[in-house]
Protein chains: 2
Amino acid sequence: MSIMYILKIEFFGYFAAFLTTVAFIPQLIKTLKTKKAEDVSLVTLIMFICGVGFWIIYGYKISSSPILIANIVTLTLNLFILITKLYYSKNT
Amino acid sequence: MSIMYILKIEFFGYFAAFLTTVAFIPQLIKTLKTKKAEDVSLVTLIMFICGVGFWIIYGYKISSSPILIANIVTLTLNLFILITKLYYSKNT
């Protein structure tokens, strides 16, 4: 395999990680704007956050910076979505 | 590194993949039950689905069955969430 081919493959991985990470920014903005996230499943959020936590442990154990960085950002965004969801559900 | 240690590390990866995949089942069930997903961000869903699509390409290119399988399930679940969201938003 040539270096160019490997780089091309790695691009898909980095682009995938970028998209599945920043994808949660619009959800956070929407929740903050509409001040509700009633339709967003609490169980999904909690399971997803736990899963991302395990990805962080895995990324740390195999010393993979992309897995570590992408999942720390995803965890942070989803924790904010969870907090805003809970905050607004209490206030209604 | 002993085989037991490697297996322990791999466990975190598989458990992480399992959680971040099945996490979307409660969201799908909730959307089907309440017949609405107004608060679920459409932009988040589309970006996430595209990202998962790139994970599938990446998993295929590096011949990683866990990445491939986990992301095909995640893609399917999120496509169903997207379709139900769009379906119910049209019917209200």
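Remember, predicted model here, so these are calculated numbers, not experimental data. Counting from 1, residues in each chain are numbered in the order their sequence is written. Both sets of labels track the order of writing: A upward for chains, 1 upward for ligands. Only residues with pLDDT of at least 70 get local features here, since the model is predicted, and only at 80 or more are side-chain atom pairs given and counted; chain-wide, interface and lining totals rely on the full set of residues. Only hydrogens and water are removed before side-chain values are computed, so all heavy atoms of the structure are retained for them.

Student: Help me get a handle on the pattern of salt bridges, residues and values and all.
Tutor: Pairing is possible between side chains of opposite charge, provided their charged atoms come close. Salt-bridge detection follows one rule: a side-chain nitrogen of Lys or Arg within 4 Å of a carboxyl oxygen of Asp or Glu. Applying the stated criterion across every chain yields a total of four salt bridges over all chains. In this structure, K36 of chain A engages E38 of chain B in a salt bridge whose closest nitrogen and oxygen atoms are separated by 3.5 Å. Placement of the pair is K36 of chain A in the loop between α2 (24-34) and α3 (42-61) and E38 of chain B in the loop between α2 (24-34) and α3 (42-61), with the two residues belonging to separate chains. For K36 of chain A, a relative accessible area of 30% gives the class partly exposed. Look at the salt bridges and you will find they share partners, linking K36 of chain A together with E38 and D39 of chain B into a network. Going along the chain from the N terminus, every DSSP run of H or I of four or more residues is numbered as a helix, and every run of E of two or more is numbered as a strand. Burial classes follow relative accessibility: with a 1.4 Å probe on protein chains only, a residue under 20% of its type's maximum area counts as buried, one over 50% as exposed, and anything between as partly exposed.

Student: Quick one: what's the story with the packing of α3 of chain A against helix α1 (residues 3-22) of chain B, residue by residue and with numbers?
Tutor: Two measures define how a pair of helices packs: the angle their axes make with one another and the distance between the axes. Interaxial distance between α3 of chain A and α1 of chain B falls to 8 Å at its minimum, and their mutual angle equals 150°. Overall, the two elements α3 of chain A and α1 of chain B adopt an arrangement that is roughly antiparallel. When the axes of α3 of chain A and α1 of chain B are compared, the crossing they make is left-handed. In this structure, α3 of chain A contributes M47, F48, C50, G51, V52, F54, W55, I57, Y58 and K61 of chain A to the contact, and α1 of chain B contributes Y5, I9, E10, F12, G13, F15, A16, A17, L19, T20 and V22 of chain B. Here, axes are lines fitted to C-alpha atoms. For helices the fit covers the stretch in contact, and angles between N-to-C directions go from 0 to 180 degrees. Any angle that falls under 35 degrees is termed roughly parallel, while one over 145 is termed roughly antiparallel, one within 65 to 115 roughly perpendicular, and all others oblique. For any pair of crossing helices, the crossing counts as left-handed if the nearer helix is rotated counterclockwise from the farther one by less than a right angle, and right-handed if it is rotated clockwise. Residues are treated as being in contact if the distance between any of their heavy atoms lies within 4.5 Å.

Student: Report on the nonpolar core, specifying residues and quantitative values.
Tutor: Take the buried residues of types Ala, Val, Leu, Ile, Met, Phe, Trp, Tyr and Cys, join any two whose side-chain atoms come within 4.5 Å, and each joined set is a nonpolar core. If you look at the biggest cluster of nonpolar residues, it comprises 26 residues, and the most contacted ones within it are F24 and F48 of chain A together with F24 and F48 of chain B. At the level of secondary structure, the elements contributing two or more residues to this core comprise α2, α3 and α4 (65-90) of chain A together with α2, α3 and α4 (65-90) of chain B. Leave out the neighbours within four places in its chain, and F24 of chain B touches T44 and F48 of chain A together with F48, T74, L77, N78 and I81 of chain B.

Student: Give me the packing of aromatic side chains: which residues, what numbers.
Tutor: Given two aromatic rings, their pairing is described by the distance between the two centres and the angle made by the two planes. Aromatic rings from Phe, Tyr and Trp, taking only the six-membered ring of Trp, are treated as a pair when their centres fall within 6.5 Å; an angle between ring planes under 30 degrees marks them as stacked, one over 60 as edge-to-face, and anything in between as tilted. A full pass over the atoms with the stated rule returns 17 aromatic pairs over all chains. In this structure an aromatic cluster arises from ring pairing among F11, F12 and F15 of chain A together with F54 of chain B.

Student: So, the confidence of the model for chain A: which residues are in play, and what are the values?
Tutor: Known as pLDDT, the predictor's per-residue confidence is scaled from 0 to 100. When pLDDT is averaged across chain A, the result is 93; 98% of the residues are at 70 or more. Across the interface, the model reports ipTM at 0.90; the global pTM reads 0.91.

Student: Go over the layout of surface pockets with me, naming the residues and quoting the values.
Tutor: The method is simple in principle: a probe with the dimensions of a water molecule rolls over the atoms, and the space it marks as empty is what remains. Of the grid points, spaced at 1 Å and generated over the protein atoms alone, those admitting a 1.4 Å probe that cannot get out make up cavities, while open sets with protein on both sides within 12 Å along at least five of seven lines make up pockets; any residue with an atom within 4 Å of a point is treated as lining. Grid points are joined across faces, edges and corners, and a volume is the space filled by probe spheres set on the points. Volume-wise, the largest pocket comes out at about 750 Å³. Lining the largest pocket are 35 residues, and of these W55, I67 and N71 of chain A together with W55 and I67 of chain B sit closest to its centre. When contributions to the lining of the largest pocket are tallied by element, the ones reaching two or more residues are α1 (3-22), α3 and α4 of chain A together with α1, α3 and α4 of chain B. Each residue gets one of three labels, nonpolar for Ala, Val, Leu, Ile, Met, Phe, Trp, Tyr, Cys and Pro, charged for Asp, Glu, Lys and Arg, and polar for the others, Gly among them. Across the lining of the largest pocket, the residue classes tally to 21 nonpolar, 12 polar and two charged.

Student: Can you explain the relation of the copies chain B and chain A? Please cite residues and give values.
Tutor: Superposing chain B onto chain A takes a rotation of 180° plus a shift of 0.0 Å along the axis, which leaves an RMSD of 0.0 Å. Here the symmetry operator amounts to a two-fold rotation axis. Take the interface residues of chain B: 100% of them recur as interface residues in chain A, which is what a same-surface contact looks like. For the least-squares superposition of copies, only C-alpha atoms count, and only for residues with pLDDT at least 70 in both.

Student: Pulling in residues and values, what's your account of the interface of chain B and chain A?
Tutor: In this assembly, 35 residues from chain B lie in contact with 35 residues from chain A. Where chain B abuts chain A, roughly 3,500 Å² becomes buried across the two surfaces, and 71% of that area is made up of carbon and sulfur atoms. Buried surface area refers to the total accessible area, computed with a probe of radius 1.4 Å, that the two partners give up upon joining, counted for both partners together. Sorting the residues of chain B by area buried against chain A places F12, D39 and F54 of chain B first, and these three jointly supply 18% of that buried surface. Where chain B packs against chain A, one counts four salt bridges. Close ionic contact of K36 of chain B with D39 of chain A constitutes a salt bridge, the shortest N to O distance being 2.7 Å. Secondary-structure elements contributing two or more residues to the side of chain B that touches chain A are α1, α2 and α3 of chain B.

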